[in-house]
Each structure stands twice: as structure tokens, then as C-alpha cells.
Amino acid sequence: MKRKFIIIGLIGIIIICILSFIIPKNPYEMIPSFTYLSFDKPLWLCITLSGSFIYINLLYELYILKNGKSETLYQIYRIVRVFFLMRKDINYNISVINYAFIFILVFNDEYTSFQALFNFICTTNIIKYLIKDKSHIKNNCQIFDILIKKHIPKIYEHLNNLNINNELYTISWFENLFTQTLNYKIILRIIDLYLIYGDELLFQIGLTIIKIQEEDLLNYTINEIFKVLKRLPNKYDEEQFFENLELMNIQEKYNSLIVSKNLSEQKDFLNGDENTIY
């Protein structure tokens, strides 16, 4: 199939060259004539290059369609559409498309990918971000704030001085499971780890992203900080990232915060307060 498209491409370019080569010098001539064959016509080069460029691009698009890449996009569309039909309590969210894209690449099967997407979202705390559970989101942002203060105090102070609330970036991080921040290979391992460790991993990854860029962030302006936090630079490869992730040990502090949170909720429940604020 690839060889066929290459042959068609070469034939097309030759035809374009011939047609542009026999264009008459006199623009009023209606019929091209081989009597004016000459390479000194600037129009010849212009038409050859532009025609070849357009032709090759069209041929490439046809090659992509023929090889099924458009079918993958259509599969993602169907997966996402069915998901939102089944979960009408969730408004349209780009993170669902991100997850669908990852699972279709992993399983290369529409039905299996849909099952993986539905089970992953609906059986983990990711669903709480998609349904906009304000209590859960607020609690996690507060926990992350405390963890930054403990593990990266310089960054905590710097962000506070710039009046940057961590909600401006952590909600997107946690909702998308960092799919818009980290590369594909890292994301695949993160999905597996998240199914084991749950929300604790979200905080650990977030702190790791900040920690490995600490020196740069301390010297950046607000706009530069948001740009860096939105996408981890490509200089950090997979192994280097997970080495730093392992060094970011937050288990003890995280567990104590969860215990405090649960005790606070129980106290508020016994007092009849339905509006628990952690």
C-alpha cells in the first residue's frame, strides 16, 4: 500500500512538472506549445514547487485515511459519546477524551477501551472531579497546600507572595490525571499506580513536578510559572521522573491529614453540621 502511494506520488509530480514546463511565454496563448520549452521562465519553478507541495499533502491525507487513522479518531468519538449518554450527570469534559485516547492506544479495541474508560472513571475518585464535587476538590486542594508547605517551603512562600492559589493548576492536574502535563509513557505507568495508591499518588506526582523545577519556579513570573506547570519540559525522561517521584515520600504526613479530616467529619456529623469544612 505504501509503495503504491509512492508510485502515484512520483507520477503526479512528473505530470505537474510537464504541465508547468510547457506554459507559453505569452499569457494570451490559449494552447500550450512545446516551442517555448525553457528553464528561464520563473513561472515554471513556481508552479512546479507549489503544485508538488499541494499534491503531496493531498496524497498524504488520502494515505492517512486509507490506513485507518481517521477510524481511530471516530472510535474515540463513539466511546466518548456513549460515555456521556450513560453518565448524564457529567457535563462535557476534555479529560474524558484524554482518557479515551489513552485507552484506545493501549487496547486498540473500541469495546475494551470503553469498558476500561468507564470502569476507571466511575470506580475511582476521578469521578468526583467530573461531577464537580466541591467538598472533595476543596479538601484535596487544602491537603496539597499543606504538603507543599512541608516538603517545598520555598515554593510555598514564593507562590503565596505572588497570590497564586494551587486550585488554579491542581484541579486540572487531578481531573486529567496529569495527561495534559506529562508524556504518554509516564501516563501509562501513572494509571497503574493510581489504581493501587489512589489520591495519595496525585499529591506525590504534583509535588514531584514542582520539586524538579523548584529553582526555575523561584525565578519565574506568574505567567512563566503557569506555563511551566501546565507542561513538564521534555528534558525529564521517564526514569528520571520516577526516580524523583520515589524520593518524594509523603505517606506519613498524608495519612495524618486524612485521619484529621475523617475525625473532623465525624465530629461535624455528630454535631449535626451537614456543611463540613475541612
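Residues numbered from 1 in each chain as written. Predicted model: local features only at pLDDT ≥ 70, side-chain atom pairs only at ≥ 80, totals over all residues. Heavy atoms only, no water.

Quick look at the packing of helix H10 (residues 184–197) against helix H11 (residues 199–211) now. Two quantities define a packed helix pair, namely the angle between the helix axes and the distance between the axes. Packing of H10 against H11 leaves a shortest axis separation of 7 Å and a crossing angle of 130 degrees. In terms of axis orientation, H10 runs oblique to H11. Every residue of H11 that contacts H10 at Ile190, Leu193, Tyr194 and Tyr197 is listed here: Asp199, Glu200, Leu201, Leu202 and Ile205. (Axes fitted to C-alpha atoms, helices over the stretch in contact; angles between N-to-C directions. Helix = DSSP H or I, 4+ residues; strand = E, 2+ residues; numbered from the N terminus. Parallel < 35°, antiparallel > 145°, perpendicular 65-115°, else oblique. Contact = heavy atoms within 4.5 Å.)

Estimates place the volume of the largest pocket at around 270 Å³. Forming the boundary of the largest pocket are Leu193, Tyr197, Glu200, Leu201, Gln204, Phe242, Leu245, Glu246, Met248, Asn249, Ile250 and Gln251. For the lining of the largest pocket, the secondary structure elements donating two or more residues are H10, H11 and helix H14 (238–247). Residue composition of the lining of the largest pocket, grouped by class: 7 nonpolar, 3 polar and 2 charged. (1 Å grid on protein atoms, 1.4 Å probe; cavity = no way out; pocket = protein on both sides within 12 Å on 5 of 7 lines; lining within 4 Å. Points joined across faces, edges and corners; volume = space filled by probe spheres on them. Nonpolar A, V, L, I, M, F, W, Y, C, P; charged D, E, K, R; others polar.)

Looking now at the packing of H10 against H14. The N-to-C vectors of H10 and H14 enclose an angle of 35 degrees; their axes lie 9 Å apart at closest approach. Note on packing geometry: the crossing formed by H10 with H14 is right-handed. Facing Lys185, Ile186, Arg189, Ile190 and Leu193 of H10, the residues of H14 in contact are Glu238, Glu239, Phe241 and Phe242. For the contact of H10 with H14, the residue count by class is 5 nonpolar, no polar and 4 charged. (Left-handed = near helix turned anticlockwise from the far one by under 90°.)

In this section: helix H4 (residues 94–107). Taking 1.5 Å as the rise per residue, H4 with 14 residues should run 20 Å; its terminal C-alpha atoms sit 20 Å apart, in good agreement. Buried residues of H4: Ser95, Val96, Asn98, Tyr99, Ala100, Ile102, Phe103 and Ile104, and no others. Looking one or two residues past H4, Asn108 carries a phi angle of roughly 55 degrees, positive in sign. (Expected span 1.5 Å × (residues − 1). Buried < 20%, exposed > 50% of the residue type's maximum accessible area, 1.4 Å probe, protein only.)

With that settled, the discussion passes to a nonpolar patch on the surface. On the surface, a cluster of nonpolar side chains totalling about 430 Å² of accessible area is made up of Phe101, Leu105, Val106, Phe107 and Tyr184. With 4 residues, the single largest contributor to the nonpolar patch is H4. Structurally, Phe107 can be placed in helix H4. (Patch = residues over 30% accessible without salt bridge, like charges linked within 9 Å, V, L, I, M, F, W, Y side chains within 5 Å. Areas by Shrake-Rupley, 256 points an atom, 1.4 Å probe, with all protein chains shown as cover. Salt bridge = Lys/Arg side-chain N within 4 Å of Asp/Glu carboxyl O.)

Going through the model one piece at a time under the given rule, you end up with 18 aromatic pairs. Between Phe174 and Phe203 the ring centres are 5.5 Å apart and the planes differ by 85 degrees, which places this aromatic pair in the edge-to-face class. Remark: Phe203 occurs in helix H11 and Phe174 occurs in helix H9 (residues 167–176); sequence separation between them is 29 residues. As far as the burial class goes, Phe174 and Phe203 line up, both buried. (Phe/Tyr/Trp six-rings, centres within 6.5 Å; stacked < 30°, edge-to-face > 60°.)

So, on to empty space enclosed by the protein. A water-sized probe, rolled over the atoms, reveals where empty space remains. Summed over all chains, the structure comprises 2 cavities of 30 Å³ or more. In this structure, the second largest cavity encloses a volume near 30 Å³. Along the walls of the second largest cavity sit Ile155, His158, Leu159, Ile210, Leu217, Ile225 and Leu229, which together make up its complete lining. By residue number, the principal contributor to the lining of the second largest cavity is helix H8 (residues 153–161), which donates 3 residues. Looking at the lining of the second largest cavity residue by residue, the class counts come to 6 nonpolar, 1 polar and no charged.

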